[in-house]
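Structural overview for review
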Amino acid sequence: MTTAALITVTNLTMAYGSFVLQRELNFTVHQGDIFVIMGDSGCGKSTLLRHMIGLKAPTAGSVHFHDTDFWAVSDQERNQIMRRCGILYQSGALFSSMTLAENIALPLSQHTTLATAEINDIVSMKLALVGLAGFDHFYPSEISGGMKKRAGLARAIALDPEILFFDEPSAGLDPISSRLLDELILELRDSLGATVVVVTHELASIFAIGSNSIFLDADSRTMIAHGPPQTMLATTSSAKVKQFLTRGGSFH
Amino acid sequence: MQSDNSHLSTSPRQGTVHLEKSGTTLCLHFTGHWTIGSDFPVFTDIKDLFPESFCIPSTWNSLEVNTEALQDWDSRFLIILRDIQGYTTLKGIPFSDTGLPSGVQRLLILASSSPDTNKVREYTDTPSFFAIVGGKTLHLLEDCQGLFTFTGAITLSYLRLFTGKAQFLKSDFLYFLEECGPSALPIVSLIAVLIGVILAFVGAVQLQLFGAEIYIANLVALGMTREMGAMMAAIIMGGRTGAAFAAQLGTMQVNEEIDALQTMGIDPIDFLVLPRLSSLLIMMPLLALWADLIGIAGGFLMALTLDISMVEYYNQTINSVNLRHFGVGLFKAVIFGYLIAFSGCLRGMQCGRSASAVGTAATSAVVTAIVFIVVSDAVITVIFNILKI
């Protein structure tokens, strides 16, 4: 990998109280990567994401964005970093009391000095990008699950972020929608030049979009494999990783 | 083959079992229906079938099962078999499953091969009395810490508001102003008028004994302005708006909306708590004032039935209350408003990530609010009494 390191995770230990979820995680996300975090249910994938987006402080170890220690700086500085990130939550996490347009306009109106008309233009454009043109005035409760995901994505890319985080983007989507979302992620990476971090266990997505990945193991409570998914499958010595990546042997 | 006489049977659509001994082998013969809808012997009955010598080691070589006459079976049959299997293992007699239908064999293997459950979660035994008391105390301390942290967070948030750095939507603020004010008027009016009537009625019964009915006006006017107006408005708003705040914020917590705000660099306290708290702070005194007036009107309605003239009642009321009494009630209303919004928002922000947690948060918000209201009312009344206000 020749590009610069964007996020560096060093010796990260995650715990809830005295219950250690994962320990000694070391990996680097490079510029332009689509970095996949995978592992079986309950191994701490989403928790790892929460550590990377500032929602949960590490028990030990550090997360660096470029050269900044994410958890050592002040809240303001962390917020500054977070403004360069866009996050798509598992459930979409749209504000249910606001229309889609208001949802997407929120980060724009809070963090920029753009005029309302300009904000409205950006909102319509972002909605069009995710295939929801014309749904500006719908409330989240009035659209389907897949549409909520896409609207959440539109909100995540509202500020043209450097880094996009996805928490199980294809959970609850049908295979076609899920493939369209994958293509959208690739498209956004290429056109916006963003770096993408994805938590997923959708095998098709992992192989279709992942350029680098780690595998978290719930039993040994650490990462047991690291590398591009194809290489990981070809070179891994762990039976567990092999089974996971081949769906217990039935997936090709 | 020598047949045993022990036989258990019950009513139609039934399952029966009997035991045969041959040499050193025991064989259980299952016949009929062993399903959820049928009657069949329970495990303890089957255990009684086994001979006394069952307990003596190496008397019996194996326990076999014959299911040729078994008509149908389901999970209940599996449970019986699992119990028998466990029992024979305990007694050191090999259990042979070859006589079972292949489906039963596979399910038995599946049920016994579930992985080591210790790893899933460590359950401790029932904790001792001291552990429970200690746990509750620690929990209480944590709860208190939560109260102080939240108070601090709200104070910081107001500081940001006054320095112009807090971010929230004006439309949210206006919406909550309406929610906490005009929308609550009908129910507040209804309760206030009834409280006025009740105060007047209770007073009338006693005061009539002395022919002093006219003092009903004093009772109602003072009671409403100093105490009941603010109190009743607060209890209604606690149940109405406090619970709503907790449920709204709790649902946002479940839906990851609060995480989303945080990662957008927007402080959830500024964005969600400030508009709610501020609107209730503004609206509570107004509601209490309204409740005072409506309550006095209710007392007046009651007085009319006691042959007190309108003018008399009016004069008596005007003479008994002054601005200070209203001031006491309104001061309390502001405090109550703060406490209601505080409890509602606190419980909402503390909400866990499940649907049932939202219900708990709403309940807890109302309970917390009412406890706070009554305790603070008592404290304020005592202080005012000492200060002679």
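Residues numbered from 1 in each chain as written. Chains lettered and ligands numbered in written order. Predicted model: local features only at pLDDT ≥ 70, side-chain atom pairs only at ≥ 80, totals over all residues. Heavy atoms only, no water.

**A short note on the pairing of strand 4 (residues 60-65) of chain A**
Two faces belong to every sheet, and in a regular strand the side chains alternate between them. Residue and element names in this part refer to chain A. Two elements, strand 1 (residues 5-16) and strand 4, share 5 bridges in a ladder whose sense is antiparallel. Residue pairing for strand 4: Ile7 is matched across the bridge by Phe65. When strand 4 meets strand 5 (residues 68-69), the two strands line up antiparallel, connected through 2 bridges. Residue Phe65 lies in a different strand from strand 5, and its bridge partner there is Thr68. Where strand 4 folds back on strand 5, the antiparallel hairpin that results is connected by 2 residues, among which His66 adopts a positive phi of roughly 50 degrees. (Pairing = 2+ DSSP bridges. Helix = DSSP H or I, 4+ residues; strand = E, 2+ residues; numbered from the N terminus.)

**Points about the interface of chain B and chain A**
At the junction of the two partners, chain B supplies 16 residues and chain A supplies 21 residues. A buried area of about 1700 Å², summed over both sides, lies between chain B and chain A, and 55% of it is on carbon and sulfur atoms. The largest contributions to the chain B side of the interface with chain A come from Glu256(B), Thr263(B) and Met264(B), which together make up 36% of the buried area. Residue Asp259(B) is joined to Arg50(A) by a salt bridge in which the shortest nitrogen-to-oxygen separation is 2.8 Å. On the surface where chain B and chain A come into contact, there are 10 residue pairs in polar contact (both at pLDDT 80 or more). Its residues assigned to classes, the side of chain B that touches chain A shows 7 nonpolar, 5 polar and 4 charged. (Contact = heavy atoms within 4.5 Å. Buried area = accessible area lost by both parts, 1.4 Å probe. Salt bridge = Lys/Arg side-chain N within 4 Å of Asp/Glu carboxyl O. Polar contact = N/O pair within 3.5 Å; in protein donor to acceptor, adjacent residues only side chain to side chain. Nonpolar A, V, L, I, M, F, W, Y, C, P; charged D, E, K, R; others polar.)

**Describing helix 1 (residues 45-52) of chain A**
Residues and elements named next belong to chain A. Where burial is concerned, most of helix 1 is hidden: 6 out of the 8 residues are buried. Along helix 1, the residues classified as buried are Lys45, Thr47, Leu48, Leu49, His51 and Met52. Where helix 1 ends, the next residue or the one after it, Gly54, has phi of about 85 degrees, a positive value. (Buried < 20%, exposed > 50% of the residue type's maximum accessible area, 1.4 Å probe, protein only.)

**A word on helix 3 (residues 100-111) of chain A**
Structural remark: α-helix, 3.6 residues per turn; residues separated by three or four positions point the same way. The buried count for helix 3 of chain A comes to 10 of 12 residues, which makes it a mostly enclosed element. Of all the residues in helix 3 of chain A, the buried ones are Leu100(A), Ala101(A), Asn103(A), Ile104(A), Ala105(A), Leu106(A), Pro107(A), Leu108(A), Gln110(A) and His111(A). Lining the buried residues of helix 3 of chain A we find helix 4 (116-129) and helix 5 (145-156) of chain A together with helix 8 (257-263) and helix 9 (268-304) of chain B.

**Looking at the domain arrangement of chain B**
Per the domain assignment, the segments making up chain B are domain 1 (2-117) and domain 2 (167-387). Taken over C-alpha atoms, the centre of domain 1 of chain B sits 68 Å from the centre of domain 2 of chain B. (Domains from an automatic or database assignment.)

**Looking at the sheet that holds strand 3 (residues 34-39) of chain A**
Strand pairing in a sheet relies on backbone hydrogen bonds, with the paired strands running either antiparallel or parallel. Residue and element names in this part refer to chain A. Read across the open sheet, the 6 strands follow the order 6-7-8-3-9-10; overall the sheet is mixed. Of all strands in the sheet, those with a lone pairing partner are strand 6 (85-88) and strand 10 (222-226), marking the two edges. On average, each strand axis in the sheet is tilted by 20 degrees relative to the strand beside it, whichever way the strands run. Pairing geometry for strand 9 (residues 212-217) and strand 10, over 4 bridges, is antiparallel. (Axes fitted to C-alpha atoms, helices over the stretch in contact; angles between N-to-C directions.)

**Considering the pattern of salt bridges**
Applying the stated criterion across every chain, the model contains 15 salt bridges over all chains. Between Arg353(B) and Asp259(B) there is a salt bridge whose closest N-O contact spans 3.0 Å. Residue Arg353(B) is found in the loop between helix 11 (323-349) and helix 12 (355-387), and its partner Asp259(B) is found in helix 8; the two are separated by 94 residues along the sequence. For Arg353(B), a relative accessible area of 44% corresponds to the partly exposed category. In this structure, the salt-bridge partner of Lys332(B) is Asp377(B), at a minimum N-O distance of 3.1 Å. Of this pair, Lys332(B) sits in helix 11 while Asp377(B) sits in helix 12, placing them 45 residues apart in sequence. Both residues of the pair, Lys332(B) and Asp377(B), count as buried. If you follow the salt bridges from partner to partner, you end up with Asp40(A), Asp217(A), Asp219(A) and Lys240(A) in one network.

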